[in-house]
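# What the coordinates show
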Amino acid sequence: MSRQSWDEGALVLNKHCSLRSLPSLCNLGFFFRRRFTAEMVFVPWILWTMCMFYSASGDGCSLILKPPRVVVGFGEPVSVSCEATRPVRVLGWESAISAAHTQQGPSVQWKVDSLIDWIEEPICYGVFFTAPRQCEEKLNLVLYKSPDSVTIRTENHTGPMVEGKEYHLLCEVQNIAPVQYLNLRWYRGHTQVYNRSFSDLTSPSPVQVSSILVITPAKADNGARYSCVAELELGPEGPQPPLTVTSDTLIASVYFPPVFQSPGPESVDITEGAETTLNCTATGNPAPLYSWHASHSVYELREESDAVLASSSLLPGTYTCTASNKLGKKSKHFTVKAKEV
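Residues numbered from 1 in each chain as written. Predicted model: local features only at pLDDT ≥ 70, side-chain atom pairs only at ≥ 80, totals over all residues. Heavy atoms only, no water.

## Looking at the state of the cysteines
- In this structure the tally under the stated criterion is 4 disulfides.
- The residue that forms a disulfide with Cys82 is Cys124, at a sulfur-sulfur distance of 1.9 Å. Between Cys82 and Cys124, the disulfide has an S-S torsion of -80° and is therefore left-handed. You can see Cys82 sitting in strand S4 (residues 78-84) and its partner Cys124 sitting in strand S8 (residues 123-128), a full 42 residues away along the chain. Summarising the burial analysis for this pair, Cys82 and Cys124 share the class buried.
- Disulfide partner of Cys171: Cys228, at an S-S distance of 2.0 Å. In this structure the cystine formed by Cys171 and Cys228 twists about its S-S bond by roughly 75°; its chirality is therefore right-handed. Taken together, the positions of Cys171 in strand S13 (residues 167-176) and Cys228 in strand S17 (residues 225-232) put the pair 57 residues apart, joining distant regions of the chain. (Disulfide = S-S within 2.5 Å. Helix = DSSP H or I, 4+ residues; strand = E, 2+ residues; numbered from the N terminus. Buried < 20%, exposed > 50% of the residue type's maximum accessible area, 1.4 Å probe, protein only.)

Written as structure tokens, this is what we have:
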């Protein structure tokens, strides 16, 4: 084997056994099939063996990051130490925005005064005197940002809702990161009714996301208070308690037809000269209007207080009260009889 062949092989070893990568057997084999004679067919195997002897990462690495996981807010400072557990020739950091290295030092620090790079992935590397000669550890770095806003509204609808119809409530979160740590919680009053996780998304930079809550309101939902809460659960290294932003409250206005407090017919005895009260109160949205009809007269009463008819001059007979609004009307019957003496 010629001296030139070994020199070229050393160049390939140097290229593929860099501080940041393991060798590619396919690439090395292809290189030697094109560049060297038959006597060199064993060189790819030799280089692969040397490269594996030279490199290590993960559990077999002799580097310790302190702390191993960092959660930092956008624009905040960050500092991490990388320490070698055995004698080291070169120790350093590879970083897009900040790099440092030291010769034969036991530790090296990665420090940024204001972290604003969403794709930053710092890696500490070491070159040692003994095997494995190369080692690297990637910092578990989480850069987060609270949302610009969290809003809630009805989707494709304005104004009051109608009982029994389906509606979509939309919660939108603007510019939050990282979205995979976001939980969006829906509340009706103080009760959580739905939770939306975004763990299936992986964008490291701020994004806009939304969640829909489907409701079919009933009469009891009139006046219900809905809200959504964006919560970033970043683990024990993150803010405690977790960072939360709450939307304004959406108060549901639900239209429903009149419903009487006592819907069944009533029988009332009257005494001559004494005041008699007929109560026709109903609930409804919009507020019901009332009208009264008797077998011997007609009463048109327009105010809400007209739900109650009180008089000392009522005559025996049947009185019918009708409560109505734009969604419907209901009637209630009163039978008035003279009290026997």
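From this point, the discussion proceeds with the structure in view.
## Quick notes on unusual backbone geometry
- Note that the residue after Ala177, namely Pro178, is joined by a cis bond; omega there is -10°.
- Mapping Pro178 onto the fold places it in the loop between S13 and strand S14 (182-188).
- Of note, the amide linkage connecting Gln240 to Pro241 takes the cis form, showing an omega dihedral of -5°.
- Note on placement: Pro241 falls in the loop between S17 and strand S18 (243-246).
- Although it is not a glycine, Asn175 adopts a positive phi angle of roughly 55°.
- The partly exposed category is assigned to Asn175, whose relative accessible area is 31%.

## Structural notes on the nonpolar core
- Within the largest apolar cluster, 28 residues are counted, with the highest numbers of intra-cluster contacts made by Leu169, Val173, Leu182, Trp186, Ile215 and Tyr226.
- Of all the elements in the fold, those that place two or more residues in this core are strand S10 (140-144), strand S11 (149-154), S13, S14, strand S16 (207-215) and S17.
- A per-element tally of this core places S13 first, with 5 residues. (Core = buried A, V, L, I, M, F, W, Y, C linked by side-chain atoms within 4.5 Å.)

## Things to note about the pattern of salt bridges
- Evaluation of the coordinates by the stated rule reveals 9 salt bridges.
- Note that Asp148 and Lys145 form a salt bridge whose closest N and O atoms lie 2.7 Å from each other.
- Put simply, Arg185, Glu231 and Glu233 are held in one network by salt bridges that share partners. (Salt bridge = Lys/Arg side-chain N within 4 Å of Asp/Glu carboxyl O.)

## A word on the sheet that holds strand S2 (residues 63-66)
- The 3 strands are arranged S2-S4-S7 in an open sheet whose pairing can be described as antiparallel. Each of the sheet's edge strands pairs with one partner strand only, and the pair in question is S2 and strand S7 (107-112). Taken pair by pair, the neighbouring strands of this sheet meet at an average axis angle of 20°, ignoring direction.
- Pairing of S2 with S4, which is carried by 4 bridges, proceeds in the antiparallel orientation. Within S4, the residue paired with Leu65 across the bridge is Cys82. (Pairing = 2+ DSSP bridges. Axes fitted to C-alpha atoms, helices over the stretch in contact; angles between N-to-C directions.)

## Focus: the sheet that holds S11
- Pairing is antiparallel across the open sheet formed by 3 strands, whose spatial order is S11-S13-S16. The sheet is open, and its two borders are formed by S11 and S16, each paired with just one other strand. If you compare each strand with its neighbour and ignore which way they point, the axes differ by 15° on average.
- For S13 and S16, the ladder comprises 8 bridges, and the chain directions are antiparallel. Note that in S16 the partner of Tyr167 across the bridge is Ile215.

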